[in-house]
Amino acid sequence: MQNPRCHFLILLMKFVSIICFCHYIVPTRGEGETKPVKVDVGIILDFETVVAKVMHTCILLALADYHDATRSAIRIVPHFRDSKKDDVEAASAAISLLKYVKVQAIFGPQMSTQTDFVIDIAKRAEVPIISPATSPLLTVKEHPYFIRAALPSSSQTKALAAIVKNYDWREVVIIYEDSPYGTGIVPHLTDALLENSTLVSYRSVISPSANDDQILRELYKLNTMQTRVFIVHLLPILASRLFLKAEEAGMMSDGYAWIITDVLTSLLDSVNRSVIESSMQGVLGIKPYVPRSNEFNNFNKRWRRRFRQEYPDMDTVELNAYGLWAYDGITALAKAVEKVAGTATPKSNKVDTRDNSTDLDALGTSELGSLLIDSMQNITLKTGLSGDFRIINGELQPSPYQIVNIIGKGERSIGFWTESDGISYKLTMNGKTAKSNNKQLGTVIWPGESTIVPRGWEMPTSGKKLRIGVPVKGGLEQFIKVETDSKTKAVTATGFCADIFIEVIQSLPYAVPYEFFPFRLPDNHTTPDYDHLVYKISSKEYDAVVGDVTISESRSKYVDFTLPFTESGISAVVPVKDDERKKAWIFLKPLQRELWITTGAFFVFIGFVVWVLEHRVNEEFRGPKRKQVGMIFWFSFSTLVFAHKERVTSNLTRFVVIVWVFVVLVLTSSYTASLTSMLTVQQLQPTITDLNDLIKNGEYVGYQEGSFVKDVLKRMNFDSSKFRSYSTLEEYNDALLKGSKNGGVGAIVDELPYLRLFLNKYCNKYILIGPTYKTAGFGFAFPKGSPLVPDVSRAVLKVMEGEFMINTIQKWFGNETDCLEKDGMAITSDSLTLDSFKGLFLIAGVSASSALLIFLLIFLYQNREIFATDDSTWQKLSAIAKAFDNEKEKPNSKSEKPGEGNESQTTTPFAASSASPEIFPNLPSQSPETRTASPPHEGFSTTEPGTPLEETITEANEER
């Protein structure tokens, strides 16, 4: 039993609570009541569409949630109008709302064309238009009272281009409906694809009123083209019919790729399920990503209940991004009204009531509208149901796009795309791409239940073959030769280029039917023959060109080339000189003229230095003037063969001679090696060593007829009057043999493949000279953006890396190793140059000059008394010269008496006997030269005792 006191307290507390609640709810009399402020908002939708019904339900829930969540006195009163899919009805509804209801803002219409009408009307009344119109043609800059509450269709173009790039598709076909909704996206999508190097090969326009036969004919037309990637930008009703006919045309099978845009993907639940299951399997689609949260799940449940209440007779549909944007847009509008309602009265100014006024003149202007537009242009709902709902400068900011794959009855997410990070398999919770996630999409089930990514193109199903243009010319058939059967008129191509092309096509993983079409090169030399052939591709006369066509910058403007399959470069061939081994003066060639002159000058200089150093102390270097001059030349030149027998006594002389003998040794060894090489090894020497020599000498230059080399020569400043064109290797040979003076040329300038072939045929008669100007080589030409180019380029690499290339080269050009030195670059000179021996001559010169300087200093010091006299300068110089010419006294000359027999004391017995006539009276007297040659006096001599020369002199003395 409860305590009575406690029971009383509980009743008292309940009573007080009821009194407080009533006081809060019902204001006391005398206090001013706060009346709710009503703000009228017009809403114009196409209620015949599913999207409008979804948006209608979301708008009702948004207003209810706003009023329940706020204590503000502001009450948003919606006024719904049906535009009935008609622009005039939408405009009429807007006028009615503005004139009679006095709305302060309008949400809608949902169609872009209707919005374009309503914007101009609302501008007169200064009422903001918050519309989910997606056409990029409607811009905020042109319409200041326009607020876009949905993503424009142009925002998805980069996501679509990223998907195409992800699968390396080079071409796509855009299928869009002939309406402002369809045409608005095309230029933006084309630009986005071009940024990723993807071409729009065809634009297929389908009218919304087109019947099934017209759609089927358009699909058959698309099926005859190469491109197999289709981007579909259609509304659900027309898209359903398109995919049904695509299935009927066999275009929903293996090898095809279909991508649908955001509207169709977001409204996929409005498409008949039977159409999805039968005709849309494997299709890729993108749609704005809506993050899943508890708030979203709860709202989705509420929305389903309310939708069944509003439209009980409709089948169940799914909540989509457009409904969520409508919810967030109305919520943002309510917040903006709440923000500005305190500063202005939600009413319209006085209208013009004159009899002749129109409905537009009677609209008046809204005092609240201009404030609302300023508030709505930059507003953010961080907790919006659609995600981060941000309107900046009147435009809803992009959100991530979700990429889905239609499988079974619905869709399966395979990845996401954001503008900052591109494609990603997953997203983090904040909507940004997770850095650790793989930058690839998930597994896709393509049309035909295939998991292999479609190549993106196929050969046309119409049976059309590739038209291959091949050049027909009079020579060089090793590269390309075209023959036409006289009976069947079938064209066959042979040669190196044709064999490579056939092997490349056969190595492709799919069949490519083709046929050759001959293109005869005109005889007019001024016509850019090969350029004209390449231009046939851009004019759609040929689908490709095969032959010895060089890849160049000018041609690549009109066609796409594959990777080259030959070496590159432009060079020249000139005749080789006659065999110089047969010339009488070949022995002079090992050394250049400058080296010969320098060597001779040093021989004379060294001989002079040795004479100066030995003249006063060595009898061998004294005597008559003629003898002394001869000694200067004899001594130095005899060191070439080391035949000098004169002894030297001065240490300075010995130093000079040792250094000079080393220099002579190096010179003679080098000379011998060079001469031996010239006489034993055959060397191809060009008549001209550089292309610039051709210009200087005014030589005629030959080139291949129809080649772009002519333009290259002009850019190199060659005189065009000196050009002569030829077609065959034999003509090349004849022109070079004649030479420029006899109607021929001094050189042939052409591409390396032709020159290699020419040198292989005419061994050892011609030689390549430099420099080599780089080119891209031969390649196969295809139309711009052709999807064949990447596959053919990969096949070219495969063929070049195999044995087929080696065998093909040997088949058409022979074994290049059989012709030695045929492609050796020009040898400028084999003669030894002065630069190679500058160091040696410097050492020898410094050594000799230093010894000479030391000698002069010592000599002048010893004769310094001459300079101390008062004689004239001439007399002093004469005295110095006389002192130099006098023989220097020997250290022991003072102790010797007349009669020179004492000299025998320091010599061998043989030397004494040869010097004394008293001992050998019958021996004839000898000259000073003979006496100094025989005895082995102290001093430097390179002739060793006992040599044949010394023995001969000894025997002669004995006979005497």
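Residues numbered from 1 in each chain as written. Predicted model: local features only at pLDDT ≥ 70, side-chain atom pairs only at ≥ 80, totals over all residues. Heavy atoms only, no water.

What to know about the pairing of strand E17 (residues 466-472)
Definition in use: Only protein chains enter the calculation, and the probe is 1.4 Å; a residue is then buried if its accessible area is under 20% of its type maximum, exposed if over 50%, and partly exposed in between. Put simply, DSSP H or I for four residues or longer makes a helix, DSSP E for two residues or longer makes a strand, and each gets a number counted from the N terminus. Each pair of strands is called paired provided DSSP finds at least two bridges between the two strands.
Along E17, six of the seven residues are buried, which leaves the element largely enclosed by surrounding structure. Where E17 meets strand E20 (residues 514-520), seven bridges bridge the pair, whose relative direction is parallel. Considered in E20, the bridge of Gly469 is made with Phe517. Of the strand pairs in this sheet, E17 and strand E21 (residues 544-545) are connected by two bridges, and their pairing is parallel. When the sheet's bridge partners are listed, Gly469 is paired in E21 with Val545.

A closer look at the UniProt feature "transmembrane region" (unreviewed entry) in the protein
Which entries qualify depends on this criterion: UniProt positions are given in the numbering used here, feature names are shortened, and annotations may be inferred rather than shown by experiment.
As recorded in UniProt, the feature "transmembrane region" (unreviewed entry) lies at residues 7-26, 595-614, 655-673 and 840-861. The distance from the first to the last C-alpha atom of residues 655-673 is 28 Å, and the span holds 100% helix and 0% strand.

Brief notes about the pairing of strand E8 (residues 229-233)
Note the following rule: Crossover handedness is defined here as right-handed if the route from the first strand over the helix to the second strand goes clockwise, with the strands pointing away from the viewer.
Extensive coverage of E8 is indicated by the burial of five of its five residues. Residues Val229, Ile231 and His233 point to one face of E8 and Phe230 and Val232 to the other, with burial holding for every one of them. Two strands pair when backbone bridges link them, and strand E6 (residues 171-177) and E8 are joined in this way by four bridges, in the parallel orientation. Bridge pairing links Val173 to Phe230 in E8. The parallel pair E8 and strand E9 (residues 257-260), bridged by helix H9 (residues 236-248), forms a crossover whose chirality is right-handed.

Considerations on the confidence of the model for the protein
Under the convention used in this document: On a scale of 0 to 100, pLDDT captures the predictor's confidence in every residue. Pairs of residues are marked as contacts when any of their non-hydrogen atoms sit within 4.5 Å.
Averaged over all residues, the pLDDT of the protein equals 80, while 80% of them reach at least 70. In this model residues 353-357 is a low-confidence stretch, pLDDT under 50, and it forms one contact with partners more than four residues away in sequence or in other chains. Across residues 820-829 the pLDDT falls below 50, and counting only partners more than four positions away or on other chains, this stretch makes 28 contacts in the model.

Observations concerning the sheet that holds strand E27 (residues 766-773)
Threshold: Here an angle of 0 to 180 degrees is reported between the N-to-C directions of two axes, which are lines fitted to C-alpha atoms, with helices fitted over the stretch in contact.
Spatial strand order, E25-E24-E26-E23-E27: five strands in an open sheet with mixed pairing. Both edges of this open sheet fall to strand E25 (723-726) and E27, since each of them pairs with a single strand only. Adjacent strand axes in the sheet meet at a mean angle of 30°, parallel and antiparallel pairs treated alike. One ladder, built from two bridges, connects strand E24 (residues 701-704) with strand E26 (residues 747-751); its direction is parallel. Note that in E26 the partner of Val701 across the bridge is Ala747.

Brief notes about the sheet that holds strand E14 (residues 401-407)
If you walk across this open sheet you meet the eight strands as E7-E6-E8-E9-E10-E14-E15-E16, and the pairing is mixed. Of all the strands in the sheet, the pair left with one neighbour each is strand E7 (199-206) and strand E16 (422-424). Strand-to-strand twist in this sheet, taken as the mean axis angle between neighbours without regard to direction, amounts to 30°. In this structure, strand E15 (residues 410-418) lies alongside E16, joined through three bridges in antiparallel fashion. Residue Trp417 lies in a different strand from E16, and its bridge partner there is Ile423. Where H9 meets the sheet, it contacts E6, E7, E8 and E9, and its direction lies at approximately 175° from that of E9.

Some points on the packing of aromatic side chains
What counts, and what does not: Centre distance within 6.5 Å is the pairing criterion for rings of Phe, Tyr and Trp, where only the six-membered ring of Trp is used; planes under 30 degrees apart are then read as stacked, over 60 as edge-to-face, and the remainder as tilted. The rule for a charge over a ring is simple: NZ of Lys or CZ of Arg within 6 Å of the ring centre, and within 35 degrees of the ring normal.
Under the definition given, this model contains 38 aromatic pairs. Ring centres of Tyr535 and Tyr558 lie 4.8 Å apart, and the angle between their planes is 65°; on these two criteria the pair is classed as edge-to-face. One end of the pair, Tyr535, is in helix H16 (residues 529-538); the other, Tyr558, is in the loop between E21 and strand E22 (559-561), with 23 residues separating them in the sequence. Taking relative accessible area as the criterion, Tyr535 reaches 30% and is therefore assigned partly exposed. Here Tyr558 falls in the partly exposed class, since its relative accessible area comes to 39%. Where Phe603 meets Trp660, the ring centres are 5.0 Å apart and the plane angle is 90°; that geometry is what we call edge-to-face. One end of the pair, Phe603, is in helix H17 (residues 593-614); the other, Trp660, is in helix H19 (residues 651-680), with 57 residues separating them in the sequence. Each member of the pair Phe603 and Trp660 is classed as buried. Ring pairing ties together the aromatic residues Phe479, Phe496, Phe501, Tyr514, Phe516, Phe565, Tyr754, Phe778, Phe780 and Phe813, which thus form one cluster. Its guanidinium or amino end placed over the ring of Trp457, Arg455 lies 5.1 Å from that ring's centre, counting from NZ or CZ. Here the basic side chain of Arg724 rests over the ring of Tyr700, its NZ or CZ set 3.7 Å away from the ring centre.

What about helix H12 (residues 294-310)?
For an α-helix the count is 3.6 residues per turn, leaving residues at separations of three or four pointing the same way. We apply this condition: The length a helix should cover is 1.5 Å for every residue beyond the first.
Taking 1.5 Å of rise per residue, the 17 residues of H12 would be expected to cover 24 Å, and the 24 Å separating its terminal C-alpha atoms lies within 8% of that figure. Turning to H12, the residues buried within the fold contact helix H2 (50-69) and helix H13 (321-340).

A word on the nonpolar core
To keep it simple, the criterion reads: What makes a nonpolar core is a set of buried Ala, Val, Leu, Ile, Met, Phe, Trp, Tyr and Cys residues whose side-chain atoms join them at distances within 4.5 Å. Where each domain starts and ends follows an automatic or database-derived domain assignment.
Formed by 90 residues in total, the largest nonpolar core has its most connected members in Ile76, Phe107, Phe299, Trp303 and Met376. The biggest single contributor to this core is H13, with 13 residues. Here this core spans two domains, and each of domain 1 (37-149 + 292-349 + 360-395) and domain 2 (156-291 + 400-424) adds at least three residues to it. Among residues more than four places away in sequence, those in contact with Trp303 are Val54, Thr57, Cys58, Leu61, Val317, Glu318 and Leu319. Counting residues in hydrophobic clusters, the runner-up holds 53 residues, among them Leu466, Val482, Ile505 and Tyr766.

Section: the packing of H2 against H13
Test applied: For any helix crossing, the convention is left-handed if the near helix is rotated counterclockwise from the far helix by under a right angle, and right-handed if that rotation is clockwise. Amino acids outside the nonpolar list (Ala, Val, Leu, Ile, Met, Phe, Trp, Tyr, Cys, Pro) and the charged list (Asp, Glu, Lys, Arg) are all regarded as polar, and Gly is one of them.
Put simply, H2 and H13 touch, their axes get as near as 8 Å, and they point 35° apart. The handedness of the crossing between H2 and H13 comes out as right-handed. For the pair H2 and H13, contact is made by Val51, Val54, Met55, Cys58, Ile59, Leu61, Ala62, Leu63, Asp65 and Tyr66 and by Tyr322, Gly323, Leu324, Ala326, Tyr327, Ile330, Thr331, Ala334, Lys335 and Glu338, respectively. Within the contact of H2 with H13, the residues separate by chemical class into 15 nonpolar, two polar and three charged.

Points about the environment of Tyr220
The residue Tyr220 is located in helix H8 (residues 212-223) in this model. Looking at Tyr220, the relative accessible area reads 41%, which means it is partly exposed. For Tyr220 and Ala246, which are 26 residues apart along the polypeptide, the C-alpha to C-alpha distance reads 8.8 Å.

Comments concerning a nonpolar patch on the surface
What counts is decided by this rule: Two distance rules govern patches: like charges are joined within 9 Å, and nonpolar side chains (Val, Leu, Ile, Met, Phe, Trp, Tyr) within 5 Å, applied only to residues with over 30% relative accessible area and no salt bridge. Accessible areas in this description were obtained via Shrake-Rupley with a 1.4 Å probe; residue shielding takes into account the shown protein chains only. By definition, a salt bridge exists where a carboxyl oxygen of Asp or Glu is found within 4 Å of a side-chain nitrogen of Lys or Arg.
On the surface, a nonpolar cluster with roughly 530 Å² of combined accessible area is contributed by Trp585, Phe587, Leu588, Trp596 and Ile597. Its place among the elements puts Trp596 in helix H17.

Some details on the pattern of salt bridges
As enumerated under the stated definition, the model contains 23 salt bridges in all. Between Lys481 and Glu483 there is a salt bridge; the shortest N-O distance is 3.4 Å. Each of Glu477, Lys481 and Glu483 takes part in salt bridges that share partners, so that together they form one network.

Brief notes about the packing of helix H15 (residues 496-506) against helix H24 (residues 788-800)
Defined as follows: Angle categories: roughly parallel below 35 degrees, roughly antiparallel above 145, roughly perpendicular from 65 to 115, and oblique for all the rest.
At a closest axis distance of 9 Å, the pairing of H15 and H24 adopts a crossing angle of 110°. Taken together, the axes of H15 and H24 lie roughly perpendicular to each other. Judged by the twist between their axes, the crossing of H15 over H24 is right-handed. Between H15, through Ile500, Glu503 and Val504, and H24, the contact on the second element is made entirely by Val792, Ala795, Val796 and Val799.

Digging into H15
When you tally the buried positions in H15, you get eight out of 11 residues, the bulk of the element. Among the residues of H15, Phe496, Cys497, Ala498, Asp499, Ile500, Phe501, Val504 and Ile505 are the ones counted as buried. Each element contacted by the buried residues of H15 is listed here: E17, strand E19 (491-494), E20, H24 and helix H25 (803-813).

What to know about the environment of Ile163
Along the chain, Ile163 turns up in helix H5 (residues 157-166). Accessibility expressed as a relative area gives 0% for Ile163, which makes it buried. Separated by 123 residues in the primary sequence, Ile163 and Ile286 place their C-alpha atoms 9.7 Å from one another. Non-local contacts of Ile163, meaning those with residues more than four positions away in its chain, are made with Ile259, Leu284, Ile286, Ile403 and Ile423.

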